[in-house]
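As a plain string of letters, each chain reads:
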Amino acid sequence: MLEAREEVEHEILWMLNKGSTNIWHKNWTGIGALYHVLPHDFNINEEIQEIAELRDGNDWDEQLLTQKFPESIADHIRDEFSVNSAWRILRHRAPINPEFSNLWTKGLPFKISFFAWRLWKRKIPTDDLWRRNGYIIVSKYWCCFPPNEESFQHLFLMNETADRMWKHFLQPAGTLINMVQVHQVIRAWWNEPCCKKLKPLFQAAPTVITWKLWKRRNTIKNGGTIYAQRVIHEVNKTLHFLARIRYPWLSNIPGLWPNMIRFFESYKLLLVSRRVTWELPLEGWFKCNTDGASKGNPGPSSYGFGVRDSAGDLIHVEATEIGEATNLVEEAKGLMNGLLYCVKSSFIY
């Protein structure tokens, strides 16, 4: 920000939020707490406490600024600023790629989603990437026998283990793909028609598969051993974990991918309904029913109530608009006024 100061300073704006910050004791102006900045002989009016009290709609209350602050402070308050606006001026933002949103699946660990973003940008440090950037290295793909030259496509798509994993998870989904490019396979997962509950799992599946392939590569390269069946188990486990995170109310989600697909495809929401009917009050009793509503909550509001006797005959009904309020206020006012009417009419002793 200091390096860009000359370019952005004249464009900086200060954005007000709720305005609940204390006027006198917080550094909301950027020059320090006004209680200490103002001259000692200045008469501070502590009846005004919050910044919101200095506002008149979307603008500053000029009369209050003039009356409550020295001219230099009032001028400074009018010069609003924000770091966000400076960033928007300096950055050169590329058009938004809608595919990027598919890389971030809610419920999936952040490190896996971040790996997916690097994979999509081809920023995974495979040996062919090192060579393209001018580094001379001895390349050997450690995950197949005999070892071969490591490349992005071979690691995530073409080798025997990768091919086995993709087929294991694609076949139960009924997806047929020409295994040519990693990005092509990932897009096919994203665009595969499926039920709504399977959508986040299909979105996450290629991310999880490539993540586990990458972990296997690193394990073997560092002297460890991990078999393909173990990797398949780990992918199953992660997808099952994601399903439980996304649908915590479903306690019987299967752990295996083919069973998981069948489970969600056959899932039907169970609706439980209960019949509620109005009942007559007891002999000699009266019943008062109330209601309140708010359009927008808060917004234009009204309440109403009705009183019936033990025969079900309507004794009194009343509805009133009260202007801007919340639905909770309306419900309370309807109940209160209904009870007040019953007291006045000697229905309540």
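Residues numbered from 1 in each chain as written. Predicted model: local features only at pLDDT ≥ 70, side-chain atom pairs only at ≥ 80, totals over all residues. Heavy atoms only, no water.

Peer 1: Got a minute to help me understand unusual backbone geometry in this structure?
Peer 2: In most cases, non-glycine residues show a negative phi, while peptide bonds are predominantly trans. The step from Asn297 to Pro298 runs through a cis peptide bond, and the omega angle for that step is 5°. Its location among the elements puts Pro298 in the loop between β3 (287-294) and β4 (299-308). Non-glycine residue Arg122 carries a positive phi angle of around 55°. Mapped onto the fold, Arg122 is located in the loop between α6 (110-120) and α7 (127-132). Unusually for a residue other than glycine, Ser346 sits at a positive phi of about 65°. A relative accessible area of 38% means that Ser346 is categorised as partly exposed. (Helix = DSSP H or I, 4+ residues; strand = E, 2+ residues; numbered from the N terminus. Buried < 20%, exposed > 50% of the residue type's maximum accessible area, 1.4 Å probe, protein only.)

Peer 1: What is the right way to read the nonpolar core from this model?
Peer 2: Inside soluble globular proteins, nonpolar side chains tend to come together where they are buried. Counting 51 residues, the largest nonpolar core has Phe156, Trp166, Trp189, Trp257 and Phe264 as its most contacted members. Sort the elements by how many residues they give to this core and helix α11 (residues 199-221) lands first, with ten residues. Once residues within four sequence positions are removed from consideration, Trp189 is found in contact with Trp166, Phe169, Leu170, Phe202, Ala205, Pro206, Ile209 and Trp257. Of all hydrophobic cores here, the second largest spans 14 residues; its members include Ile23, Ile51, Leu65 and Ile73. (Core = buried A, V, L, I, M, F, W, Y, C linked by side-chain atoms within 4.5 Å. Contact = heavy atoms within 4.5 Å.)

Peer 1: Help me understand the packing of aromatic side chains in this model?
Peer 2: In this description, a pair of aromatic rings is defined by centroid distance and the angle of the planes. In this structure the tally under the stated criterion is 21 aromatic pairs. Here the aromatic rings of Phe305 and Tyr341 are separated by 6.0 Å at their centres, their planes lie at 40°, and the arrangement is tilted. With Phe305 in strand β4 and Tyr341 in helix α14 (residues 327-344), this pair connects stretches of sequence that are 36 residues apart. Of the two residues, Phe305 and Tyr341, both sit in the buried class. An aromatic cluster of at least three residues, connected via ring pairs, comprises Phe115, Phe152, Phe156, Trp211 and Trp214. For the cation-ring pair, Lys287 lies above Trp278, with the distance from its terminal atom to the ring centre recorded as 5.1 Å. (Phe/Tyr/Trp six-rings, centres within 6.5 Å; stacked < 30°, edge-to-face > 60°. Lys NZ or Arg CZ within 6 Å of the ring centre and 35° of its normal.)

Peer 1: Can you walk me through the pattern of salt bridges in this structure?
Peer 2: A side chain of one charge can pair with a side chain of the opposite charge if their charged atoms are brought near each other. Tallying each qualifying case throughout the model produces six salt bridges. Put simply, Glu99 and Arg187 hold a salt bridge, and the shortest N to O gap is 2.6 Å. One end of the pair, Glu99, is in the loop between α5 (83-90) and α6; the other, Arg187, is in helix α10 (residues 182-191), with 88 residues separating them in the sequence. Glu234 is paired through a salt bridge with Lys212; the nearest N and O atoms lie 3.8 Å apart. Within this pair, whereas Glu234 is found in helix α12 (residues 228-246), its partner Lys212 is found in helix α11, the two being separated by 22 residues in sequence. (Salt bridge = Lys/Arg side-chain N within 4 Å of Asp/Glu carboxyl O.)

Peer 1: Looking at this structure, how should I read α10?
Peer 2: At 3.6 residues per turn, the α-helix brings residues three or four places apart onto the same side. Burial analysis of α10 places seven of its ten residues in the buried class, the great majority of the element. Buried residues of α10: Val182, His183, Val185, Ile186, Ala188, Trp189 and Trp190, and no others. Contacts from the buried residues of α10 go to α6, α8 (152-158), α9 (160-173), α11 and α13 (257-265).

Peer 1: For this particular structure, what's the right way to read the confidence of the model for the chain?
Peer 2: Detailed reading of the predicted coordinates is not advisable wherever pLDDT is low. Per-residue confidence for the chain gives a mean pLDDT of 82; residues scoring 70 or more make up 83%. Long-range and interchain partners of residues 9-14, a stretch whose pLDDT sits below 50, account for 17 contacts in this model, where long-range means more than four residues apart. (pLDDT = per-residue confidence, 0-100.)

Peer 1: Got a minute to help me understand the side chain of Glu330 in this structure?
Peer 2: Positionally, Glu330 belongs in helix α14. No salt bridge is formed by the buried Glu330; the nearest opposite charge belongs to Lys333, separated by 6.7 Å. Within the structure, Glu330 has its side chain in polar contact with the backbone nitrogen of Ser302 (distance 3.2 Å). Setting aside residues up to four positions removed in sequence, Glu330 forms contacts with Asp291, Gly292, Ala293, Ser301, Ser302, Tyr303, Ile322 and Ala325. (Lys, Arg positive; Asp, Glu negative; His and termini not counted. Polar contact = N/O pair within 3.5 Å; in protein donor to acceptor, adjacent residues only side chain to side chain.)

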